[in-house]
Amino acid sequence: ELSAFSEFLTGDSERDQRNFRTLLATVTELLGEPDIELLLRKLLAHAIETTRSERGILLLLDSRGELEIRIAQDFRGHDLGPHPPMSRTIPQSVIREGRPVLSRVSGDGDVLEMTQSVAAMRLRQVMCAPLRARGKTLGAIYVDSTLRGPPQSLADLMLFHAQAGLMGLALESHRLMRQQFEMQAIRQQLRLARKIQQKLLPESPSEFSGLRLAGISEASDQVGGDYFDYFSLDVERTGLSVGDVSGHGVASALIMANVRATLRSLLLTRGSLGGVYGLMNRALCNDLSEGRFVSLFVAVFDPRQMTLEFQNAGHPAPILYTPESGEMIEIES
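Residues numbered from 1 in each chain as written. Predicted model: local features only at pLDDT ≥ 70, side-chain atom pairs only at ≥ 80, totals over all residues. Heavy atoms only, no water.

K.L.:
I'd love a proper account of the side chain of R237, names of residues and values included.
P.N.:
Within the secondary structure, R237 is located in the loop between β8 (224–232) and β9 (238–248). Since its relative accessible area comes to 16%, R237 is described here as buried. At 2.6 Å, the side chain of R237 and the backbone oxygen of G271 are in polar contact. (Helix = DSSP H or I, 4+ residues; strand = E, 2+ residues; numbered from the N terminus. Buried < 20%, exposed > 50% of the residue type's maximum accessible area, 1.4 Å probe, protein only. Polar contact = N/O pair within 3.5 Å; in protein donor to acceptor, adjacent residues only side chain to side chain.)

K.L.:
Go over the nonpolar core with me, naming the residues and quoting the values.
P.N.:
In a soluble, globular protein the nonpolar side chains are often hidden away together inside. Core analysis: the biggest nonpolar cluster contains 24 residues, and L40, L58, L131, I141, F160, M167 and L171 have the highest contact counts within it. Those elements that provide at least two residues to this core are α2 (36–51), β1 (55–61), β4 (125–133), β5 (136–145) and α5 (154–200). In this structure, L171 is in contact with I36, L40, L60, L131 and L138, ignoring residues within four places of it in sequence. Counting 20 residues, the second-largest nonpolar core is a separate cluster that includes Y227, L266, L267 and V298. (Core = buried A, V, L, I, M, F, W, Y, C linked by side-chain atoms within 4.5 Å. Contact = heavy atoms within 4.5 Å.)

K.L.:
So what's going on with a nonpolar patch on the surface? Which residues, and what values?
P.N.:
The grouping of I319, Y321 and M328 at the surface amounts to a nonpolar patch, some 350 Å² of accessible area in total. Along the chain, I319 turns up in strand β12 (residues 319–322). Accessibility expressed as a relative area gives 53% for I319, which makes it exposed. (Patch = residues over 30% accessible without salt bridge, like charges linked within 9 Å, V, L, I, M, F, W, Y side chains within 5 Å. Areas by Shrake-Rupley, 256 points an atom, 1.4 Å probe, with all protein chains shown as cover. Salt bridge = Lys/Arg side-chain N within 4 Å of Asp/Glu carboxyl O.)

K.L.:
How would you summarise the pattern of salt bridges if you had to cite specific residues and measurements?
P.N.:
In total, this model carries nine salt bridges according to the counting rule given. Close ionic contact of R70 with E37 constitutes a salt bridge, the shortest N to O distance being 2.5 Å. Of this pair, R70 sits in strand β2 (residues 67–74) while E37 sits in helix α2, and the two are 33 residues apart along the sequence. Residue R70 is classed as partly exposed on the basis of its relative accessible area of 33%.

K.L.:
Tell me what's going on with the packing of aromatic side chains, and back it up with residues and numbers.
P.N.:
Evaluation of the coordinates by the stated rule reveals three aromatic pairs. Plain terms: the ring middles of F228 and Y230 are 6.1 Å apart, the flat faces sit at 35° to each other, and that makes the pair tilted. According to the relative accessible area criterion, F228 is buried, its value standing at 11%. Every member of this aromatic cluster is reached through a ring pair, and the members are F208, F228 and Y230. (Phe/Tyr/Trp six-rings, centres within 6.5 Å; stacked < 30°, edge-to-face > 60°.)

K.L.:
Explain the layout of surface pockets to me, using residue names and the numbers behind them.
P.N.:
Reported here for the largest pocket is a volume of approximately 670 Å³. Along its surface, the largest pocket is lined by 21 residues, and L211, L213, L240, L308 and I319 are the ones closest to its centre. Listed by contribution, the elements that provide at least two residues to the lining of the largest pocket are β7 (211–213), β8, β9, β10 (294–302) and β12. Looking at the lining of the largest pocket, its residues break down into 17 nonpolar, two polar and two charged. (1 Å grid on protein atoms, 1.4 Å probe; cavity = no way out; pocket = protein on both sides within 12 Å on 5 of 7 lines; lining within 4 Å. Points joined across faces, edges and corners; volume = space filled by probe spheres on them. Nonpolar A, V, L, I, M, F, W, Y, C, P; charged D, E, K, R; others polar.)

This is the structure:
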C-alpha cells in the first residue's frame, strides 16, 4: 500500500528532498498528537499549506457508505461549518476509482471540469485524494482555491496523494488503538466483576452446627451463572442451595446475584421452604427475558432432627454419598 505513494518522486533532487521533508512533517504530526480531532485538524491544515490551497475538507465514509464532512477549514484555520459549498461529484469519483484527481483552469475563458456547482464557485484548482488503509477506503481529502497562483502539477498531486495515504494510516491506527483500549477496559471490568461474584460465594470450607461445608465454582468465562450458597437460618438450621442461570457472561452473573439475594431474603424471613419457590418464580418471571431461566436446588438441614428438607426446580439431582459403603444415591424430588 505504501509503495504506491512513491509516485511523488520526480527525479528532481531538490524537489524530492522538499517533498520528503513535507512527508516527514506529516509523520511528525501523526506521532505527536493522541487526540484524533486535533490530529485531523493539524493534518488538514498541513495539506492546505503544502498545496497552497484556500480551503480543505476532510470527508469520511459513515456506516451506510455515505460521505460525511468531518472537518472543513480555510488556510487561516477558520472552521467552514458542517455544510461548506463544494462539489460532491469529485470526492465520490475519487472514492469510486481509488485514484487522486487534479482539476484546474489555465485561462480566464476556461471552466473547471467536473460539475456546474464547482464552476459557479469560480474555483481554479481542485485536488482530491482517497484516504485508504489496510485495503479499505476510509474517505477522501479535498482542497481547492479560487486564486490564480501557481498551477498544481501531477507531481504536486502525487505528493498530496502520499499525504492522504499517511492520513488514512493514521485514522486506522487510531481506530485500532482506541479499540485496544476499549478491550482492555472491558477486560478490567470483567476481572472486577469476577472478583465481586467470587465474593458472593460463601467462604470455603465453613462449619455450621457441626456441619462441614465446602464448594467451588469456576466460570468458563470471566463471570457466569453457576451458583451455590450455604448460610445459617437460625442457631441450628443451615440453608443450602445449588443453581445455574442459563447462558454465560455478565447477564447470567447479574441474574445469579439477584437469585442469591432473593432466596436468602425469603428463607431468612420465612424460616422454611413453604411457598418460597412460588415467590421466587413470580419474581424471576417479571425480571427475566424470554428464553432465560434458572434451575435451582434448595435445602434446609436440621441437625437436631437429622433431616434434609429440599425442593428441586429442574436442577440435576443431588447425590447422597455414604463413605462407609461407597454408595451414591440420587435424591429425587
